[in-house]
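Examination of the molecular architecture
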Amino acid sequence: MRAVVQKVKSAKVEVAGEISGMINEGLAVLLGVTHHDDQRDAVWMASKIAGLRIFQDDDQKLNLSIKDIGGKVLLVSQFTLYADARKGKRPSFTAAAGAEQAKDLYLTCGKMIENEGILVEYGRFQEHMSFSLVNDGPVTILLDSEKLF
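Structure report, in brief. Small disclaimer: the values here were computed from a predicted structure and weren't measured. (Residues numbered from 1 in each chain as written. Predicted model: local features only at pLDDT ≥ 70, side-chain atom pairs only at ≥ 80, totals over all residues. Heavy atoms only, no water.)

Here we look at the overall build of the chain
- If you tally the helices and strands in the chain, you get three helices and eight strands.
- Over its C-alpha atoms the chain spans a radius of gyration of 15 Å, differing by no more than 12% from the 15 Å that the globule rule assigns to 149 residues.
- With respect to the three principal axes, the spread of C-alpha positions in the chain is 45 × 35 × 30 Å.
- Burial status across the chain gives 42% buried among its 149 residues. (Helix = DSSP H or I, 4+ residues; strand = E, 2+ residues; numbered from the N terminus. Rg over C-alpha atoms; globule rule 2.2 N^0.38 Å. Buried < 20%, exposed > 50% of the residue type's maximum accessible area, 1.4 Å probe, protein only.)

Some points on helix α1 (residues 39–51)
- With 13 residues, α1 should reach 18 Å at 1.5 Å per residue; the first-to-last C-alpha distance of 18 Å fits that figure.
- Restricting attention to buried positions, one finds in α1 the residues Asp41, Ala42, Met45, Ala46, Ile49 and Ala50. Each buried residue of α1 lies within a common arc of 155 degrees when the element is viewed along its axis, so the set occupies one face.
- Tucked into the core, α1 has its buried residues touching β1 (2–15), β3 (26–32), α2 (66–69), β6 (72–77), α3 (99–115) and β8 (130–144). (Expected span 1.5 Å × (residues − 1). Arc of directions from axis to C-beta. Contact = heavy atoms within 4.5 Å.)

What follows is the structure in structure tokens.
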């Protein structure tokens, strides 16, 4: 499971002009699932997102988590995080999980973040979305449940 986590002042997702999810201060998370991901990957990812200390404390050090600041998470499924563009000009998406598996683990990860006491807003799975955000910092972190980076 892979994620791009961005600390944001605000973020929203729209589908066909309708807002699907919207947050103010918090984390915008793009989440990708691969074939061999399972419940353990969702548990690891949710825990990492909930505990990631990338918000400033009173000394301006990145010591606080989303839980510490009472922020929200906007979680958006992003199969293209498993794109392979090493050959040619057109990326391959064969490493991305199928829709049923990906949706199940995406929603599981979101529910686990919610179980940490964090409000989660969602994009719409398998929909064409407009995603906008105001990055804060900017702070962008890449996570991989296989710890490849």
